[in-house]
Amino acid sequence: MNEVYMDMAIEIANGGSGFVNPDPLVGAIVVKEGRIIGQGYYKAYGCEKAEIDAIKNSVESTKDGELFINIEPELSIEDKSYIDFILNSGIKKIYLGMENPKSGFKGQMRKILSHLGIEVVYNILKEKCEELNEIYTHYVNKGTPYVFTKWAMTLDGKLASRTGDSKWISSEKSLEFVHYLRQRVAAIMVGENTVKVDNPLLTTRLKGITISNPLRVIVSKYGDIPLDSNVLKVDDNVKTLIVASTKIDEKKEKEIISTGAEILKIEEVDGKLPFKEIVKLLGEKNIDSLYIEGGSSLLASAFESGIVNKVYVAIAPKIIGGQNAVTPVGGLGIEKMNDAIRLKKVSHEIVGDDVIFKGYIAE
Ligand SMILES: NC(=O)c1ccc[n+]([C@@H]2O[C@H](COP(=O)([O-])OP(=O)(O)OC[C@H]3O[C@@H](n4cnc5c(N)ncnc54)[C@H](OP(=O)(O)O)[C@@H]3O)[C@@H](O)[C@H]2O)c1
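Here is what the cut-offs are and how they apply
- Residues numbered from 1 in each chain as written.
- Predicted model: local features only at pLDDT ≥ 70, side-chain atom pairs only at ≥ 80, totals over all residues.
- Heavy atoms only, no water.
- UniProt positions renumbered as here; feature names shortened; annotations may be inferred.
- Helix = DSSP H or I, 4+ residues; strand = E, 2+ residues; numbered from the N terminus.
- Contact = heavy atoms within 4.5 Å.
- Buried < 20%, exposed > 50% of the residue type's maximum accessible area, 1.4 Å probe, protein only.
- Expected span 1.5 Å × (residues − 1).

### Concerning the UniProt feature "binding site: substrate" (unreviewed entry) in the protein
Here comes step 1: As recorded in UniProt, the sites labelled "binding site: substrate" (unreviewed entry) are Ser166, Arg182, Leu202, Arg205 and Glu293.
Here comes step 2: Within the fold, Ser166 resides in the loop between β6 (146-154) and α7 (172-184).
Here comes step 3: Residue placement: Glu293 occurs in strand β11 (residues 289-294).
Here comes step 4: Once you skip the residues sitting within four places of it in the chain, Glu293 turns out to touch Lys150, Val178, Arg182, Ile188, Met189, Val190 and Leu202.

Structure representation (structure tokens):
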């Protein structure tokens, strides 16, 4: 049963998706004599902890109850009020999905609470808990955003038709998946041509939940995007950052800034904006996760620079042909199969008519 309760904690932790970054997603369940008596989750950055929420929400006394939390909380011996709250709740055993990866907090909950008579057990559904908070773990360890790529392609490996048309390659169901990914991440990135050809909004559109829009990041070396582009319509709910060269024309820069978008200027290296530098600077801006949506040239730059962590691909049962139709990862490409970028822990699922493939870049 412990796995079932932890699975529920994971499920409800997702309620904080898009609102807790750069903190982890956390869900908590209180169980007593085999009954679930309380549940709670971390709702937004700086809000009450999930386990406190769960204990407060409990419908009967939590004395002698058990608490399930998907990730070890940041706990230190100085957190007197938190420790007193847990002691006063009467909880006798705590199950954790994974250790907190932050140095100084790893394993602290057991160290602190076991002396006070509360048993703490780690690693219940560890792998699933680690996947839920892969963004958090990466950001804590590296200080740069966790990078996802996702593209939709036809069965014959095309990102768009020869005229650049890509609306829509995948089914409505897989498009919904895109919006869940947008909800989860702190930033979404596309290249300049995608803005020109598709004029995307890059906002999150999901029914029945409160929306969180990621920061829209557009790579545009000299700011050559139409000023009436959807991504340059900025307001309190949706912001845009243009990543440009330090050589961008001053007039162009002023025009872009006048739309409300911000500009991040980076030194060119061999005519390109180095992605390693881009993610470093985004990390410094508290961006813990970046979803690169395309197109072909931008994805090539991202893979060449080695910043990608996780790949999603929606493969649609359509064939469009055309030697000039763009493929997902452009650039020069590799010479020998031996040099291919390899993926590990691959899996797939059928979504609508499409197959969504998932894998991690092997280090
Ligand atoms: N099916 C899908 O999931 C999907 C998703 C997105 C887009 N698309 C399609 O993809 C097509 C657009 O792809 P695309 O390859 O033409 O355009 P793109 O990748 O959106 O943008 C290309 C631009 O980005 C620049 N760029 C790339 N890496 C750079 C770097 N490191 N530094 C500075 N600039 C960099 C390129 O400059 P250089 O020329 O100097 O390299 C080029 O000007 C459209 O047809 C769109 O519909 C499909």
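### Some details on unusual backbone geometry
Only a minority of non-glycine residues have a phi that is not negative, and only a minority of peptide bonds are not trans.
Here comes step 1: A cis geometry characterises the amide bond from Asn21 onward to Pro22, with omega recorded as 5 degrees.
Here comes step 2: Tracing the backbone through its elements, the reader meets Pro22 in the loop between α1 (2-13) and β1 (27-32).
Here comes step 3: You will see that Leu125, though not glycine, has its phi angle at about 55 degrees, which is positive.
Here comes step 4: Looking at the element boundaries, Leu125 is found in the loop between β5 (119-121) and α5 (126-132).
Here comes step 5: The partly exposed category is assigned to Leu125, whose relative accessible area is 26%.
Here comes step 6: Its identity as a non-glycine residue notwithstanding, Asn286 has a phi of 70 degrees, on the positive side.
Here comes step 7: Of note, Asn286 is situated in the loop between α10 (275-284) and β11.
Here comes step 8: Take Asn286: its relative accessible area is 48%, and that puts it in the partly exposed class.

### Brief notes about α1
Here comes step 1: Helix length check: α1, at twelve residues, gives a terminal C-alpha distance of 16 Å against a target of 16 Å (1.5 Å per residue), a fit within 8%.
Here comes step 2: Buried within α1 we find Tyr5, Met6, Ala9, Ile10, Ile12 and Ala13.

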